[in-house]
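Residue-level structure breakdown
Below are the chains, spelled out letter by letter.
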Amino acid sequence: MSAAESVSRAAPDSGSAMQRALLAQLKVRPRQPGEASFFYLDNHFGRVAVKVLPGEYFVTGEDMLITTVLGSCIAACLWDGRVRIGGMNHFMLPEGEQGDVSGRYGSYAMELLINQMLKLGARRENLQAKIFGGGQVMHNFTTMNVGERNTHFVREYLRTEHI
């Protein structure tokens, strides 16, 4: 082993130290209602990550991962590449009861995600979207395919909002 290799192995990784510092900051930062709060250091990517659970959202300008697990639910991911602000929501159904302001429903979850991104400096005309999920998780459950309804809802919503 050369002297340079020895020094580089012994020296703490500054990127890793920066990620640990970001993780510590995120864990103590006050959360908004419905904002994801499960932060961890993803060892595979060497980055801080947040897991967005059903009914939650997360928006950031930090260099980090946003993750979730889906079936029939939808995760709408929005990105403004000019200001480098991105976010994700995770909703279970297109709409709830009148006046129900829960991130479990797409109608509210989409507004919450977009508004939080705008608050951080994103511009609506720069937003790009990718949607994930909408699977048919129960093979024989075709009369009320929740995944299909969710997919139709989010596509129409994004089309209407010109995103």
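Check the entry above for the structure.
These remarks concern the structure in this document.

What counts, and at which threshold
- Residues numbered from 1 in each chain as written.
- Predicted model: local features only at pLDDT ≥ 70, side-chain atom pairs only at ≥ 80, totals over all residues.
- Heavy atoms only, no water.
- 1 Å grid on protein atoms, 1.4 Å probe; cavity = no way out; pocket = protein on both sides within 12 Å on 5 of 7 lines; lining within 4 Å.
- Points joined across faces, edges and corners; volume = space filled by probe spheres on them.
- Helix = DSSP H or I, 4+ residues; strand = E, 2+ residues; numbered from the N terminus.
- Nonpolar A, V, L, I, M, F, W, Y, C, P; charged D, E, K, R; others polar.
- Pairing = 2+ DSSP bridges.
- Axes fitted to C-alpha atoms, helices over the stretch in contact; angles between N-to-C directions.
- Contact = heavy atoms within 4.5 Å.
- Salt bridge = Lys/Arg side-chain N within 4 Å of Asp/Glu carboxyl O.
- Buried < 20%, exposed > 50% of the residue type's maximum accessible area, 1.4 Å probe, protein only.
- Expected span 1.5 Å × (residues − 1).
- Arc of directions from axis to C-beta.
- Phe/Tyr/Trp six-rings, centres within 6.5 Å; stacked < 30°, edge-to-face > 60°.

Some details on the layout of surface pockets
Summary: where empty space remains is shown by rolling a probe the size of a single water molecule over the atoms. The volume enclosed by the largest pocket comes to roughly 270 Å³. Along its surface, the largest pocket is lined by 14 residues, and Glu 62, Met 64, Ile 66, Trp 79 and Gly 86 are the ones closest to its centre. Secondary structure elements with two or more residues in the lining of the largest pocket: strand S4 (65–67), strand S5 (74–80) and strand S6 (85–89). Here the lining of the largest pocket is composed, by residue class, of seven nonpolar, four polar and three charged.

Brief notes about the sheet that holds S6
Spatially, the four strands line up as an open sheet ordered S3-S6-S5-S7, and their pairing is antiparallel. For this open sheet the edge positions go to strand S3 (57–60) and strand S7 (127–133), each flanked by a neighbour on one side alone. Averaged over all pairs of adjacent strands, the angle between their axes in this sheet comes to 10°, without regard to strand direction. Packing of helix H3 (residues 106–119) onto the sheet brings it into contact with S3, S5, S6 and S7, and relative to S6 it is tilted by some 165°.

So, the pattern of salt bridges
Two side chains carrying opposite charge are able to pair once their charged atoms lie near each other. Per the stated rule, a full pass over the model turns up six salt bridges. Between Arg 47 and Asp 63 there is a salt bridge, with its nearest N and O atoms 3.4 Å apart. Here Arg 47 is found in strand S2 (residues 47–51), whereas its partner Asp 63 is found in the loop between S3 and S4, with 16 residues between them in sequence. The exposure class assigned to Asp 63 is partly exposed, which follows from its relative accessible area of 46%.

Digging into helix H4 (residues 146–160)
Helix length check: H4, at 15 residues, gives a terminal C-alpha distance of 21 Å against a target of 21 Å (1.5 Å per residue), a fit within 8%. Restricting attention to buried positions, one finds in H4 the residues Val 146, Gly 147, Asn 150, Phe 153, Val 154, Tyr 157 and Leu 158. Down the axis, H4 shows its buried residues gathered within 125° of arc, on one side only. Set apart from the buried face of H4 by more than 90 degrees, the exposed residues are Glu 148, His 152, Arg 155 and Arg 159. On its buried side, H4 packs onto S5, H3 and S7. Positive backbone phi, at 60°, marks His 162, one or two positions downstream of H4.

Focus on the side chain of Ser 72
Position of Ser 72 among the secondary structure elements: in the loop between S4 and S5. Judged by its relative accessible area of 17%, Ser 72 falls in the buried class. Those residues within four positions of Ser 72 in sequence are excluded, and the remaining contacts are Gly 134, Gly 135, Val 137, Val 146, Gly 147 and Asn 150.

Brief notes about the pairing of S2
Consecutive side chains along a regular strand alternate between the two faces of the sheet. Pairing of strand S1 (residues 38–42) with S2 involves five bridges; the strand directions are antiparallel. Each residue of the ladder has a partner; that of Leu 41, found in S2, is Val 48. Once S1 ends, the chain turns through four residues before running back antiparallel as S2, passing Gly 46 with a positive phi of about 65°. Here S2 pairs with S4 via three bridges, running parallel. Directly across from Val 50, in S4, lies its bridge partner Ile 66.

Here we look at the packing of aromatic side chains
The relative placement of two aromatic rings is captured by the distance of their centres and the angle of their planes. Inspection of every chain in the model, using the stated rule, returns four aromatic pairs. Arranged with centres 5.6 Å apart and planes meeting at 75°, the rings of Phe 39 and Phe 58 form a pair that is edge-to-face. Pair noted here: Phe 39 is in strand S1 and Phe 58 is in strand S3, with a separation of 19 residues, a long-range link. Neither residue differs from the other here; Phe 39 and Phe 58 are each classed as buried. The interplanar angle of 90° and the centroid separation of 5.8 Å between the aromatic rings of Phe 91 and Phe 153 together place this pair among those described as edge-to-face. Highlighted residues: Phe 91 in the loop between S6 and H3 and Phe 153 in helix H4, separated in sequence by 62 residues. Three or more aromatic residues link up through ring pairs in this structure, and these residues are Phe 91, Phe 153 and Tyr 157.

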